[in-house]
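Descriptive structure summary
Here are the chains, one letter per residue:
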Amino acid sequence: MPAPERIPPGRLTDAEQVALLTEGTLTVLGQVRGASNAVLYCSVAHGGEEAYCVYKPVAGEQPLWDFPDGTLAQREVAAYEVSEAMGWGLVPPTVLRDGPYGRGMCQLWIEAEEPGEDEPGLLALVEDEEPGEGWKAVAFAEVGEGRTALLVHADDPRLRRLAVLDAVINNGDRKGGHLLPAPGGRLYGIDHGVTFNADDKLRTLLWGWAGEPLTPEAAEVLDRLAAELEPGAPLVTRLAELITPAEIEALRARVAGLRTTGLHREPSGEWPAIPWPPV
């Protein structure tokens with residue numbers, strides 16, 4: 001069987017992509033190695049459309065002591081729902097469905113676009129004490145032989161939006177490898193299985209704006225999201241099928257906290273601020 005053609009950006013709407021993932025026939029093509037949980041690379045076909053996707057069956061999840069409720073697959077879908085409610089489209093279309101190995105998360109495959117030779121990436125290690133123009137400092141990192149380098153990320157509005165999303169969903173694992181620049185300048189974040197904990201778990205490489213005022217755009221988005229998180233709202237009904245009541249209440253509290261301070265989150269000091277390994 002020939003491999004399916006990747007859906008070009010803009011050919012299908014997000015709603016059509018969700019329908020394809022939900023109703024399409026999944027065919028496992030291979031396994032993504034190196035992941036701590038089962039990650040299967042698949043094709044999905046329906047109604048004359050075909051695409052690549054990632055399928056993570058619940059049966060392949062490793063239990064986490066600090067995430068005893070629900071499943072990683074449910075949290076991935078919840079992250080997509082919140083991202084869509086915020087209007088930034090930072091998470092690829094993601095659904096919960098049955099597949100060849102049982103119920104699991106199915107997400108549209110994003111083919112990351114590598115930067116050109118003269119184009120800066122999103123993350124870098126620099127020898128200087130301060131970040132250069134267009135970069136934000138994260139932390140100093142050991143690079144061997146007693147040397148340290150400054151870890152920086154781009155002062156990029158797409159990353160800044162993602163930093164707000166991560167603070168909202170309480171992302172415990174925002175690594176560099178979870179950032180996928182796509183054709184057309186779009187940026188996606190993936191791997192949201194360890195999110196929505198009722199306790200503060202925020203671990204990320206995107207601390208460059210910590211303590212700085214939120215952008216007016218972010219403030220407006222958070223105001224709108226707060227309204228969509230009111231009891232009985234459609235978003236809350238969807239989330240109630242994916243995460244616990246305590247986690248929904250904690251989600252509301254995080255949004256309220258960001259709106260009250262008007263500032264980007266800072267590390268709490270009670271939890272490692274940067275994931276390991278960082279990539």
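Report on the accompanying structure.

Moving on: the overall build of the protein chain. Tallying secondary structure elements over the protein chain gives 6 helices and 10 strands in all. For the protein chain, the spread of C-alpha atoms along the principal axes amounts to about 55 × 50 × 35 Å. The burial tally for the protein chain puts 46% of its 279 residues in the buried class. The centroid of the 23 positive side-chain charges in the protein chain is displaced by 4 Å from the centroid of its 44 negative side-chain charges.

Moving on, we get to the side chain of Thr204. Turning to its location among the elements, Thr204 is positioned in the loop between strand 10 (187-189) and helix 4 (216-228). Judged by its relative accessible area of 4%, Thr204 falls in the buried class. Excluding anything up to four places from it in sequence, Thr204 contacts Asp166, Arg174, Ala273, Ile274 and Pro275.

The terminal C-alpha atoms of helix 6 (residues 245-261) lie 25 Å apart, and with 17 residues this matches the ideal 24 Å at 1.5 Å per residue to within 8%. All of the buried residues in helix 6 are Glu247, Ile248, Ala250, Leu251, Arg254, Val255 and Leu258. Along the long axis of helix 6, the arc covered by the buried residues comes to 160 degrees, so they all point the same way. Residues of helix 6 that are exposed and point over 90 degrees away from its buried face: Pro245 and Thr260. Contact partners of the buried residues in helix 6: helix 2 (72-86), helix 3 (157-169), helix 4 and helix 5 (234-239). Just downstream of helix 6, Gly262 is the residue with a positive phi angle, here 70 degrees.

Glancing now at the layout of surface pockets. Taken as a whole, the largest pocket holds about 1000 Å³ of empty space. Elements supplying a minimum of two residues to the lining of the largest pocket: strand 3 (49-57), helix 2 and strand 5 (102-108). Residue classes in the lining of the largest pocket are distributed as 20 nonpolar, 10 polar and 11 charged. As a volume, the second largest pocket reaches approximately 410 Å³. Along its surface, the second largest pocket is lined by 19 residues, and Pro115, Pro120, Gly121, Leu122 and Pro181 are the ones closest to its centre. Partitioned by chemical class, the residues of the lining of the second largest pocket number 9 nonpolar, 5 polar and 5 charged.

Moving on to the environment of Arg186. Position of Arg186 among the secondary structure elements: in the loop between strand 9 (179-181) and strand 10. Under the relative-accessibility criterion, Arg186 is labelled partly exposed at 32%. In the structure, Arg186 is positioned 49 residues away from Ala137 in sequence and 23 Å away in space, judged by C-alpha atoms. In this view, Arg186 contacts Asp14, Gly89, Arg158, Leu180 and Pro181; residues no more than four positions away in its chain are not counted. Among the polar contacts listed, one links the side chain of Arg186 to the backbone oxygen of Gly89, at a separation of 3.0 Å.

Moving on, we come to the sheet that holds strand 5. Neighbouring strands of a sheet are bound in pairs by backbone hydrogen bonds; such pairs are parallel or else antiparallel. The 5 strands lie next to each other as 1-2-3-5-4, forming an open sheet whose pairing is antiparallel. Taken across any chain shown, the strands that pair with only one partner, and hence form the sheet edges, are strand 1 (25-31) and strand 4 (94-99). Ignoring which end each strand starts from, the neighbouring axes of this sheet average 40 degrees apart. The sheet contact formed by strand 4 and strand 5 spans 6 bridges and is antiparallel. Within strand 5, the position partnered with Val95 by the bridge is Cys106. Each of strand 3, strand 4 and strand 5 is contacted by helix 2, which is oriented at about 145 degrees to strand 4, the strand it contacts most.

Extensive coverage of strand 3 is indicated by the burial of 7 of its 9 residues. In terms of strand pairing, strand 2 (residues 40-46) meets strand 3 through 7 bridges, oriented antiparallel. Bridging from a neighbouring strand, Ser43 pairs with Tyr52 of strand 3. Two elements, strand 3 and strand 5, share 5 bridges in a ladder whose sense is antiparallel. Note that in strand 5 the partner of Cys53 across the bridge is Leu108.

Definitions and limits used
- Residues numbered from 1 in each chain as written.
- Predicted model: local features only at pLDDT ≥ 70, side-chain atom pairs only at ≥ 80, totals over all residues.
- Heavy atoms only, no water.
- Helix = DSSP H or I, 4+ residues; strand = E, 2+ residues; numbered from the N terminus.
- Buried < 20%, exposed > 50% of the residue type's maximum accessible area, 1.4 Å probe, protein only.
- Lys, Arg positive; Asp, Glu negative; His and termini not counted.
- Charge placed at Lys NZ, Arg CZ, Asp CG, Glu CD.
- Contact = heavy atoms within 4.5 Å.
- Expected span 1.5 Å × (residues − 1).
- Arc of directions from axis to C-beta.
- 1 Å grid on protein atoms, 1.4 Å probe; cavity = no way out; pocket = protein on both sides within 12 Å on 5 of 7 lines; lining within 4 Å.
- Points joined across faces, edges and corners; volume = space filled by probe spheres on them.
- Nonpolar A, V, L, I, M, F, W, Y, C, P; charged D, E, K, R; others polar.
- Polar contact = N/O pair within 3.5 Å; in protein donor to acceptor, adjacent residues only side chain to side chain.
- Pairing = 2+ DSSP bridges.
- Axes fitted to C-alpha atoms, helices over the stretch in contact; angles between N-to-C directions.

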